[in-house]
Amino acid sequence: MDAVGFASSVESMAVHRPTIGCVIPAYNEEDSIAAVLESLLAQTRLPDVIHVIANNTTDKTVEIASRYAGPHFREIDGEEQFTEVYVHDIGTNKDKKVGALNYGYTLVEACDFLLGVDGDTTADPDAVRHLEAEISSDTRIGGISAIFSIDDSPFTGPIAPFLIAGQRAQFAAFNMQNMLRGRNMAVLGGQFSIFSTLALRQAMKDNHQSSPWVKDSEVEDSLLSLQIKSAGFLTKISAQARADVGGMTTMRGLDAQQVKWNFGAIELMWPGQRGDTKGQPLHPNLRLRWLENLSMAVNAFTRLMFIVLLIASLSIDAFVFSPIWLVPPVIATLLNIRTAVAMKKVNYRDILFAATLAPAEIYMWVRLGHFFRAWTKFLSRKQTDNWAAQAKAERGSGNGYLVPIIVLVLSGAALVFTWFQLNSMVQSTILWIGWPILGVITAIQTFTMLLKLVQRQRGYKV
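Attention here is on the structure that accompanies the text. Just so it is clear, the structure is predicted and the values come from calculations on it, not from any experiment.

About the criteria used
Residues numbered from 1 in each chain as written. Predicted model: local features only at pLDDT ≥ 70, side-chain atom pairs only at ≥ 80, totals over all residues. Heavy atoms only, no water. Salt bridge = Lys/Arg side-chain N within 4 Å of Asp/Glu carboxyl O. Helix = DSSP H or I, 4+ residues; strand = E, 2+ residues; numbered from the N terminus. Pairing = 2+ DSSP bridges. Expected span 1.5 Å × (residues − 1). Core = buried A, V, L, I, M, F, W, Y, C linked by side-chain atoms within 4.5 Å. Buried < 20%, exposed > 50% of the residue type's maximum accessible area, 1.4 Å probe, protein only. Arc of directions from axis to C-beta. Contact = heavy atoms within 4.5 Å. Polar contact = N/O pair within 3.5 Å; in protein donor to acceptor, adjacent residues only side chain to side chain. Axes fitted to C-alpha atoms, helices over the stretch in contact; angles between N-to-C directions. Left-handed = near helix turned anticlockwise from the far one by under 90°. Nonpolar A, V, L, I, M, F, W, Y, C, P; charged D, E, K, R; others polar.

### Notes on the pattern of salt bridges
Right, on to step 1. Inspection of the entire model under this criterion finds 17 salt bridges.
Right, on to step 2. Residues glutamate 134 and arginine 183 are paired through a salt bridge, measuring 2.6 Å at the closest nitrogen-oxygen approach. Here the residue glutamate 134 occupies a position in helix α5 (residues 127–136), and arginine 183 occupies one in the loop between α6 (159–179) and β8 (192–196), the gap between them amounting to 49 residues.
Right, on to step 3. When salt bridges with common partners are traced through the structure, they connect Arg17, Arg45, Asp48 and Glu132 into a single cluster.

Shown next, in the form of structure tokens:
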């Protein structure tokens, strides 16, 4: 055979195409499941099979998803692609989302990759193609998460757009942190992530599990990410694949979701054994969690201390304004603006949220409430079902989100009463000691923000 003939025979050889099995756990997703399936069927790289796993569903999720069941063909760049959609209603399932995920895993475990998609998440048309290319490029990668944001166009009114803008900024900051850490992702979110089934099998073997996801963790995605990392694989965030997740549009719903996430993260961080979950405080994937909790504790301390000292100083005509106190909010605003500008799909709401300071500051207080509730729940050691609490909140029930406000008001009243029982000498001494302490902590905090502000972002968009 001559050189031309050899080259021609090589080119005609079949090229291995990795297989992707998509699993969509769906609980009462009648409002979004159609958009999710249409998003997947519009991909430039179709998953080889798509399984919708309806669990504990009481609405029309199964009925709507079933309209898409069956084979689907698409011609993309002259190549015909094929996928088939299956809809499974597994009925009452005490393990909820985890049970649905594990059921789906049994259906696709023979595939090279498992694509996990939440029942309210839609992706850009090239998302699956980018995820496949990235995870196929390096056998060390156990999983890759898409870059998450929230589509804010459908929301109107005073509360929903504010909360969505806050969540978009929160996602953007978290994504950028992971990007700048060599694209090492602390949590492979279940919203839209691809996993190597080889890595899943190894994680199961190392942890003596019969399934990838375990039911005894509040944050099944975080725990699995830790296990994949411990099994010797990398957990990454994509450089290009993007997806829009479902956002929380009420204070009640946002509180329940964030408390569940924070509570589960604390369980993973905390040393010792709690039930079947063993804390892993030194795990590399949890470094960002520790930094986040430390940052939130400092934010809470400086804000509360500033308010207390300011009111106390004004009450005895001892407050003297200094322009130096304007520096921290200015640096914070510039940092917020830089985060907003780094968003791939930034809009005027994101810029206003960052530039006017007040919305971002209010949202920070909301987040402080979530951290307070999560830590008090954890330290109380009271057994709670945070999954059920989130479902209840999303139905419009529960008032747990008001607890931080009540505690803050009562604590403030107690401090005011106590303050006026003190004599002038003690009051002056407290202010003389308190302001310098606050100044030092605020200076360190401001310097940290300044370092983030001047840090190179290497062209990443989040």
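### Looking at the pairing of strand β4 (residues 79–89)
Right, on to step 1. One ladder, built from five bridges, connects strand β2 (residues 49–54) with β4; its direction is parallel. Note on β4: the bridge partner recorded for isoleucine 50 is valine 85.
Right, on to step 2. Two strands pair when backbone bridges link them, and strand β3 (residues 70–76) and β4 are joined in this way by seven bridges, in the antiparallel orientation. The partner of arginine 74 across the bridge, within β4, is glutamine 81.
Right, on to step 3. Between the antiparallel neighbours β3 and β4 lie two residues, among them aspartate 77 with a positive phi of about 55°.

### Focus on helix α13 (residues 358–380)
Right, on to step 1. The end-to-end C-alpha distance of α13 is 33 Å, a good match for the 33 Å that 23 residues give at a rise of 1.5 Å each.
Right, on to step 2. At the C-terminal side of α13, arginine 381 shows a positive phi close to 60°.

### Description of the nonpolar core
Right, on to step 1. Membership of the largest hydrophobic core comes to 37 residues, with the highest contact counts inside it found for Ile24, Leu37, Leu40, Leu115 and Phe192.
Right, on to step 2. Tallying contributions element by element places helix α2 (residues 33–41) first for this core, with five residues.
Right, on to step 3. Judged by nonpolar contacts, the second largest core, of 31 residues, contains Ile53, Met185, Ala199 and Leu224.

### Comments concerning helix α12 (residues 348–355)
Right, on to step 1. Within α12, the full set of buried residues consists of Asp350, Phe353 and Ala354. Buried residues of α12, seen end-on, are gathered within an arc of 90° and therefore sit on one face of the element.
Right, on to step 2. Check the buried side of α12 and you find it contacts α6, α11 (327–341) and α13.
Right, on to step 3. The N-cap of α12, judged by a side-chain oxygen 2.9 Å from the amide nitrogen of arginine 349 a few residues on, is asparagine 347.
Right, on to step 4. Residue leucine 357 follows α12 closely and has a positive phi angle near 65°.

### Here's the deal with unusual backbone geometry
Right, on to step 1. One non-glycine residue, asparagine 28, lies in positive phi territory at about 50°.
Right, on to step 2. When you line up the elements, asparagine 28 lands in the loop between β1 (20–26) and α2.
Right, on to step 3. Looking at asparagine 28, the relative accessible area reads 27%, which means it is partly exposed.
Right, on to step 4. Backbone geometry places aspartate 317, a non-glycine residue, at a positive phi of 55°.
Right, on to step 5. For aspartate 317, the position within the fold is in the loop between α10 (287–315) and α11.

### So, the pairing of β8
Right, on to step 1. For β8, the tally of buried residues reaches five of five residues, placing the bulk of the element in the interior.
Right, on to step 2. Judged from the five bridges that link them, strand β5 (residues 113–117) and β8 form a sheet pairing that is antiparallel. Following the sheet pairing, valine 117 is matched in β8 by phenylalanine 192.
Right, on to step 3. Here three bridges tie strand β7 (residues 141–149) to β8, and the two strands are oriented antiparallel to one another. Counterpart to serine 145 in the pairing with β8 is serine 193.

### Quick notes on the packing of α10 against α13
Right, on to step 1. Following both chains from N to C, one finds α10 and α13 inclined at 115°, their axes separated by 10 Å at the closest point. Crossing of α10 over α13 shows left-handed handedness. Contact residues: α10 offers Glu292, Asn293, Met296, Asn299, Ala300, Arg303, Leu304 and Ile307, while α13 offers Glu361, Met364, Trp365, Arg367, Leu368, Phe371 and Trp375.
Right, on to step 2. Across the contact of α10 with α13, the residue classes tally to nine nonpolar, two polar and four charged.

### Description of the packing of α10 against helix α16 (residues 424–454)
How two helices sit against one another is set out by the angle between their axes and by the gap between those axes.
Right, on to step 1. One can describe the packing of α10 onto α16 by two numbers: an axis separation of 10 Å at closest approach and a directional angle of 145°. For the pair α10 and α16, the sense of crossing is left-handed. Packed against α10, whose contacting residues are Val298, Asn299, Phe301, Thr302, Arg303, Met305, Phe306, Leu309, Leu310, Ala312 and Ser313, the element α16 presents Leu431, Gly434, Trp435, Ile437, Leu438, Ile441, Thr442 and Gln445 at the interface.
Right, on to step 2. A per-class count over the contact of α10 with α16 returns twelve nonpolar, six polar and one charged.

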